[in-house]
Amino acid sequence: MKRIFRILLCASLIFNFQLSTFNLLAQPLPQGYFRNPMDHDIGLSATFAEFRANHFHGGLDMRTGGAIGKHVYAAADGYVAKVSISPWGGGKILYIKHPNGYTTVYMHLDGYAGAIGKAVLKEQYAKQSYSINKLFAPDELPVKKGQLVAYSGNTGGSGGPHLHFEVRSGGTEDLHTHSTLYNPLLFGLPYTDNIKPVIRGIRIYPVGRKPFELGKENELEVATPFYLGIYATDAAEGSTQRNGLHRIEVHVDNQMVFMYTTDAIPVDSTRMVNALIDYRHYVDTRQAYLLTRALPGAEGEWIPVRQGDGIFYFENGGRHKIQVRVYDIKDNMAERTFTVDADKESTVCPTFSGEAVRYNQAFNLQRPTCRIHMAPLTLYADDFLEVSNVDAAPYNAPLITVQPTVNDIPPHQAYSLSIKPQTPFPVPPSKVTVVRLDGKRMAAYPTSSSAGWYTAQVRDFGHFTLAIDTVAPTVKPVNFAQGKPLKGNTIRVKIGDDLSGVETYNCYLNGNWILAEYDGKSATLIIDPRGKMKQGANTFTVEVTDGCGNRTSRSYSLTR
Ligand SMILES: [Zn+2]
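Cut-offs and rules
- Residues numbered from 1 in each chain as written.
- Predicted model: local features only at pLDDT ≥ 70, side-chain atom pairs only at ≥ 80, totals over all residues.
- Heavy atoms only, no water.
- Pairing = 2+ DSSP bridges.
- Helix = DSSP H or I, 4+ residues; strand = E, 2+ residues; numbered from the N terminus.
- Axes fitted to C-alpha atoms, helices over the stretch in contact; angles between N-to-C directions.
- Contact = heavy atoms within 4.5 Å.
- Polar contact = N/O pair within 3.5 Å; in protein donor to acceptor, adjacent residues only side chain to side chain.
- Core = buried A, V, L, I, M, F, W, Y, C linked by side-chain atoms within 4.5 Å.
- Buried < 20%, exposed > 50% of the residue type's maximum accessible area, 1.4 Å probe, protein only.
- Donors = N, O, S within 2.8 Å, 3.2 Å for Na, K, Ca; no water.
- Phe/Tyr/Trp six-rings, centres within 6.5 Å; stacked < 30°, edge-to-face > 60°.
- Lys NZ or Arg CZ within 6 Å of the ring centre and 35° of its normal.
- Salt bridge = Lys/Arg side-chain N within 4 Å of Asp/Glu carboxyl O.
- Expected span 1.5 Å × (residues − 1).
- Arc of directions from axis to C-beta.

(A) Structural detail: the sheet that holds strand E41 (residues 524-527). The strand order across the open sheet formed by 4 strands is E36-E37-E41-E40, and the pairing between neighbours is antiparallel. The sheet is open, and its two borders are formed by strand E36 (474-477) and strand E40 (516-519), each paired with just one other strand. Adjacent strand axes in the sheet meet at a mean angle of 25°, parallel and antiparallel pairs treated alike. Summarising the sheet, strand E37 (residues 491-496) and E41 pair through 4 bridges and their orientation is antiparallel. Its bridge partner being in E41, arginine 492 is matched across the sheet by isoleucine 526.

See below:
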């Protein structure tokens, strides 16, 4: 069975020649409808659809001069349809829905202006939670084009002050699932770019052999079949130097065989970026090489247009001219031309071992201490899964290794991984968690238990085992101490957890719940007690729980 499968896989590498179809944008986008959401000229620190691990960048990162608190304006008439706040990801987010069906989204905000700010605070106190996800009806918070709606910031996963701005359409009620992201610059926002992009690297991937970097030479001999990887960046007036491209083309003997552009990205497909780039190389070097080859589980109408499967066979050998062209959004172009001498003698059909997985079929594995279930389309292509278990790992639990051997790409969706210890753990099942070992680090997954098995939905490959978390979270005052006066206007507390992570946090001032902003990056709770502290002694309480239900509660006497 395994041998037959191996041959089919090899055949599919060589004979798959159907033409991809594509449909860039179904209809023209409205021009001039949206205004620049900020006061100053648009300068970008990241462009639309830049390659990131696990997602395409879904909008524009607008520079704010390194500062927070810059005015953010509604890009057009509409209403506030949603506010969502989280210590992670987009931080403080505002969604404005417009009568033409598009929604503009503003992320990493420092705060919300006027009536929006009041509505947000009301919701946080009603839910007793910093993190909220609140939908508003059309008549609750209408906005006019150019109205001040928010202040730019650096909240959530942001690595420096900026405004992340998106244009979306469609989607379910939450304006996210099934929505489509558009390049905001295609709506005619004022933007200058007279600077050419730069091709920083071209890699050649002979199938079944080690890839190599094209050097300065313009003529080279290459074993066939092979495919290409292209890494290019763009700069613009007022931008950083390493922004993404708008279009990448490959021409062979003066005929275009590959064209890639991303004007629109379905949110549900954004993780497919992992299958379009050389994922492992990106993780190791932060250089994203777009690959010309196709994987069947990462195809769609928005994905590259290729002749065939994006692999160069050159079955009759010979010399061929290859041109790589990259364009930015204003069609500034950079080009690299080279000639390959196709070495037709050296075709290699690689062999693999492991559990055969068909990318479009479910996969189930049952072993005495390990179970795996993958739904169809968890992988982007047929593969062989190496699953090994060592049954006496450091934590007295099996160490399970799950790794594909053909394509080193994380799964498109989570799969179910269950582990059973040889001897039951001497703690309640809620204290046991599935963990992934990453060097010396351990990452815990939310875990359920049943009949001695511990199960997690994991979205990674690698080494997994079980660990016990009976240690409660830590709470550390930053700018105050027991019985001493508070230093500054805000109360700051660092919180943390050794393994399963902070799950809930609540703060109380004199017995009343008080809003604590949680900055995930610095693991700090920030409380503004102004107008809520009384003269003399106040009782301030912090309660934190972790993913395994361990709880820490600390009370402090605070004076003003
Ligand atoms: Zn961004």
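Continuing now.
(B) Region of the structure containing the environment of glutamate 517. Structurally, the position occupied by glutamate 517 is in strand E40. Each C-alpha atom of the pair glutamate 517 and tyrosine 130 lies 5.9 Å from the other, and the pair is 387 residues apart in sequence. Apart from the residues lying within four places of it in its own chain, the contact partners of glutamate 517 are Lys92, Tyr130, Thr524, Leu525 and Ile526. At a separation of 3.1 Å, a polar atom in the side chain of glutamate 517 contacts the side chain of lysine 92.

(C) Summary view of the pairing of E37. With 4 bridges joining them, E36 and E37 adopt antiparallel strand pairing. Paired with lysine 476 across the two strands is lysine 494, which belongs to E37.

(D) Broad picture of the nonpolar core. Val83, Leu94, Ile116, Leu228, Phe338, Leu525 and Phe540 are the most contacted members of the largest nonpolar core, which totals 109 residues. Grouped together as the second largest cluster of nonpolar side chains are 26 residues, Val357, Leu365, Ala456 and Val458 included.

(E) Region of the structure containing the coordination of the zinc ion. Protein coordination of the zinc ion is provided by His57 (NE2), Asp61 (OD) and His164 (ND1), with donor distances spanning 2.0 to 2.1 Å. Read in sequence order, the donor residues for the zinc ion give the motif H-x3-D-x102-H. A residue pair is termed long-range when its members are at least 10 positions apart, and histidine 57 in the loop between strand E3 (55-56) and strand E4 (60-63) and histidine 164 in strand E12 (residues 162-170) qualify at 107 residues. Across this residue pair, the class does not change: histidine 57 and histidine 164 are buried.

(F) Inspection of the environment of isoleucine 329 at higher detail. Tracing the backbone through its elements, the reader meets isoleucine 329 in the loop between strand E23 (318-327) and strand E24 (333-343). According to the relative accessible area criterion, isoleucine 329 is partly exposed, its value standing at 22%. Separated by 195 residues in sequence, isoleucine 329 and lysine 134 place their C-alpha atoms 35 Å apart. Residues within four places of isoleucine 329 in sequence aside, it is in contact with Asn183, Leu185, Leu186, Tyr191 and His246.

(G) A look at the packing of aromatic side chains. The full count for this structure, using the stated rule, is 23 aromatic pairs. Consider the rings of phenylalanine 226 and phenylalanine 312, whose centres lie 5.4 Å apart with planes at 35°: the pair is tilted. One end of the pair, phenylalanine 226, is in strand E17 (residues 226-233); the other, phenylalanine 312, is in the loop between strand E22 (305-306) and E23, with 86 residues separating them in the sequence. Residues phenylalanine 226 and phenylalanine 312 agree in their burial class; the two are buried. Grouped by ring-pair contacts, the aromatic residues Tyr33, Phe34, Tyr102, Tyr182 and Phe187 constitute a single cluster. Sitting over the ring of tyrosine 289, arginine 203 keeps its end group 5.6 Å from the ring centre. Above the face of the tyrosine 327 ring, arginine 247 is positioned so that its terminal group lies 3.9 Å from the ring centre.

(H) Focus on unusual backbone geometry. For the peptide bond that leads from threonine 224 to proline 225, omega is -10°, which places it in the cis range. You will see that asparagine 254, though not glycine, has its phi angle at about 70°, which is positive. Note that asparagine 254 resides in the loop between strand E18 (247-252) and strand E19 (255-261). Positioned with a positive phi, arginine 286 is a non-glycine residue whose angle comes to about 65°. Note that arginine 286 resides in the loop between helix H4 (279-285) and strand E21 (290-291).

(I) Spotlight on the pairing of strand E26 (residues 363-367). By the bridge criterion, 5 bridges tie E26 to strand E27 (residues 370-374) in an arrangement that is antiparallel. Bridging from a neighbouring strand, phenylalanine 363 pairs with methionine 374 of E27. Turn length for the E26-E27 hairpin, with the two strands adjacent in sequence and antiparallel, is 2 residues.

(J) Main features of the sheet that holds strand E30 (residues 415-419). What the 5 strands build is an open sheet, ordered E26-E27-E30-E34-E33; its pairing is antiparallel. Two strands in the sheet have a free side with no partner beyond their single neighbour: E26 and strand E33 (448-450). The sheet shows a mean angle of 20° between the axes of neighbouring strands, taken without regard to direction. When E30 meets strand E34 (residues 453-458), the two strands line up antiparallel, connected through 5 bridges. Its bridge partner being in E34, tyrosine 415 is matched across the sheet by valine 458.

(K) Structural detail: the environment of tyrosine 415. Position of tyrosine 415 among the secondary structure elements: in strand E30. For tyrosine 415, a relative accessible area of 1% corresponds to the buried category. Spatially, the C-alpha atom of tyrosine 415 lies 52 Å from that of arginine 560, the residues being 145 residues apart in sequence. When residues no more than four places from it in sequence are discounted, the contact partners of tyrosine 415 are Ile372, His373, Met374, Thr378, Val402, Ala456, Gln457, Val458, Asp460, Phe461 and Phe464. A polar side-chain atom of tyrosine 415 sits 2.8 Å from the main-chain carbonyl oxygen of aspartate 460.

(L) Up close: the pattern of salt bridges. Scanning all chains against the criterion turns up 20 salt bridges. When the shortest N-O distance is used, the salt bridge between glutamate 123 and lysine 134 registers 3.9 Å. Linking glutamate 123 in helix H2 (residues 114-127) with lysine 134 in strand E9 (residues 132-135), this pair joins segments that are 11 residues apart in sequence. Connected through salt bridges with shared partners, the residues Glu123, Lys127 and Lys134 form a single ionic network.

(M) Region of interest: H2. Taking 1.5 Å of rise per residue, 14 residues should cover 20 Å, and H2 covers 20 Å from first to last C-alpha, within 8% of that figure. Residues of H2 that are buried include every one of Ile116, Val120, Glu123 and Gln124, and no others. The buried residues of H2 occupy an angular sector of 100° when the element is viewed end-on, so they sit on one face. What points out from H2, more than 90 degrees from its buried face, is the exposed set Gly114, Lys118, Lys122 and Ala126. A positive backbone phi angle near 50° is found at glutamine 128, which sits one or two residues after H2.

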